[in-house]
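# Reading the structure
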Amino acid sequence: MPIATPEVYNEMLDRAKAGKFAYPAINVTSSQTLNAALRGFAEAESDGIVQISTGGAEFLGGQYSKDMVTGAVALAEYAHILAEKYPVNIALHTDHCPKDKLDGYVRPLIAVSEERVKAGRNPLFQSHMWDGSAETLADNLAIAQELLERTRAANIILEVEITPTGGEEDGVSHEINDSLYTTVEDAIRTAEALGLGEKGRYLLAASFGNVHGVYKPGNVVLRPELLKELNEGVAAKFGKASPFDFVFHGGSGSTEQEILTALDNGVVKMNIDTDTQYAFTRPVAAHMFQNYDGVLKVDGEVGNKKAYDPRTWGKLAEASMAARVVEATQNLRSAGNKIK
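Since we're looking at a predicted model, the values are computed, not measured. (Residues numbered from 1 in each chain as written. Predicted model: local features only at pLDDT ≥ 70, side-chain atom pairs only at ≥ 80, totals over all residues. Heavy atoms only, no water.)

Here we come to the nonpolar core. In this structure, Tyr105, Val160 and Phe244 are the most contacted members of the largest nonpolar core, which totals 75 residues. A total of 7 residues in this core trace back to one element, the largest contributor, which is helix 4 (residues 68-82). Ignoring any residue separated from it by four or fewer positions in sequence, one finds Phe244 in contact with Lys17, Ala187, Ala191, Leu196, Tyr202, Leu204, Leu230, Asn231, Val234 and Gly266. (Core = buried A, V, L, I, M, F, W, Y, C linked by side-chain atoms within 4.5 Å. Buried < 20%, exposed > 50% of the residue type's maximum accessible area, 1.4 Å probe, protein only. Helix = DSSP H or I, 4+ residues; strand = E, 2+ residues; numbered from the N terminus. Contact = heavy atoms within 4.5 Å.)

Laid out in structure tokens, this is it:
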């Protein structure tokens, strides 16, 4: 199947919300990790989301120029070709983009899609994220309004983060404290500014104690039941039941029950990065240790070309990351739920 059209992406999100499951959103940084993500979704018979962060896009742009837009566009175009060979629907998304990188990342990428839509084509990316969590809520929502108007016109969905997620992600960091919990007042102000669909569809990354990066269960206090309170608070004021499509950030180390509670309360997308990074790297490390005298030319020897050929250890990395994607689809109940 090709990359999801705007209509198919909307159907994906609607089905997830109605069925109380979510799509893993897998961060990719190369054609190799993209292949692993697509393979995992296909093996799980799950539609899914592939996303590129600002740091990932810079890496994709090459270390000579480090051009984020070039890197993101190049992989997205590659994905449009590659995804046709996989029997699942894949949406392309850009991950966290703070204010100081909007002009160098999200706004130019929206412009690319605007030109494509003017020419009668579908947008290059199906959704973009604006991370205004470091700004005041008023400034955050003002920028979100501007972006939402543009994404709506280009048949793109916007993701907004209205309050901080703890930890660090591509240079944006927040302390782990009580500010990591979105309030009903925050949610109401968001609905007042962005509407509830009539101004354009958006995904909401609300905070319920989430932390980016690596942590063990119990080190962070997640309150996924808070999402129900946010939905009910906004529903009471605006008269629209279950108004938000929520995104789960910083989920590494979450318990199974925490994930299930989040799904039951409206999460339709969960970001997966830390765990898939480790899954990709772990077999590479094992290969290097186990084939030390083959990947290195030790004591004047010539090494073993088959051992240091990137395809040898790259296949192991792809298989391991794909398996972790399958596990994510099972945890989020999207496995076996692809659109027929």
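You can see Asn35 is positioned in helix 2 (residues 31-44). By relative accessible area, which is 16% here, Asn35 ends up buried. For Asn35, the residues in contact, after removing those within four places along its chain, are Tyr78, Leu82, Tyr86 and Glu318.

Positive phi, normally seen in glycine, also occurs at Lys20, with a value near 55 degrees. Topologically, Lys20 is positioned in the loop between helix 1 (6-19) and strand 1 (23-27). We note that Glu45 has phi near 55 degrees; this positive angle belongs to a residue other than glycine. Its location among the elements puts Glu45 in the loop between helix 2 and strand 2 (48-52). Taking relative accessible area as the criterion, Glu45 reaches 42% and is therefore assigned partly exposed.

The next subject is the packing of aromatic side chains. Each aromatic ring pair is specified by the distance between its two centres and by the angle formed by the two planes. Following the criterion strictly, the structure yields 3 aromatic pairs and no others. Ring geometry for Phe208 versus Phe248: centroids 4.9 Å apart, planes at 65 degrees, classification edge-to-face. Of this pair, Phe208 sits in the loop between strand 8 (202-205) and helix 8 (226-238) while Phe248 sits in strand 9 (residues 246-248), placing them 40 residues apart in sequence. The exposure class of Phe208 is buried, given its relative accessible area of 0%. Classification of Phe248 as buried rests on a relative accessible area of 1%. Look at Phe244 and Phe246: their rings are 5.7 Å apart centre to centre, the planes differ by 50 degrees, and that puts the pair in the tilted class. A residue is classified by how much of its surface remains accessible, and Phe244, at 1% relative accessible area, is buried. When the ring centre of Phe238 is taken as reference, the NZ or CZ atom of Lys237 above it lies at 6.0 Å. (Phe/Tyr/Trp six-rings, centres within 6.5 Å; stacked < 30°, edge-to-face > 60°. Lys NZ or Arg CZ within 6 Å of the ring centre and 35° of its normal.)

With that settled, consider helix 7 (residues 184-194). Within helix 7, burial applies to Asp186, Ala187, Ile188, Thr190, Ala191, Ala193 and Leu194. Its buried side turned inward, helix 7 meets helix 6 (137-153), strand 5 (157-161), strand 8 and helix 8. Looking one or two residues past helix 7, Gly195 carries a phi angle of roughly 80 degrees, positive in sign.

Moving on, we get to the pattern of salt bridges. On inspection of all chains with the given rule, the structure shows 17 salt bridges. Taking the shortest distance from any N to any O, the salt bridge between Glu159 and Lys269 comes out at 2.9 Å. Linking Glu159 in strand 5 with Lys269 in strand 10 (residues 267-272), this pair joins segments that are 110 residues apart in sequence. With respect to class, Glu159 is no different from Lys269; both count as buried. A salt bridge links Arg223 to Glu225, with the shortest nitrogen-to-oxygen separation between them at 3.8 Å. (Salt bridge = Lys/Arg side-chain N within 4 Å of Asp/Glu carboxyl O.)

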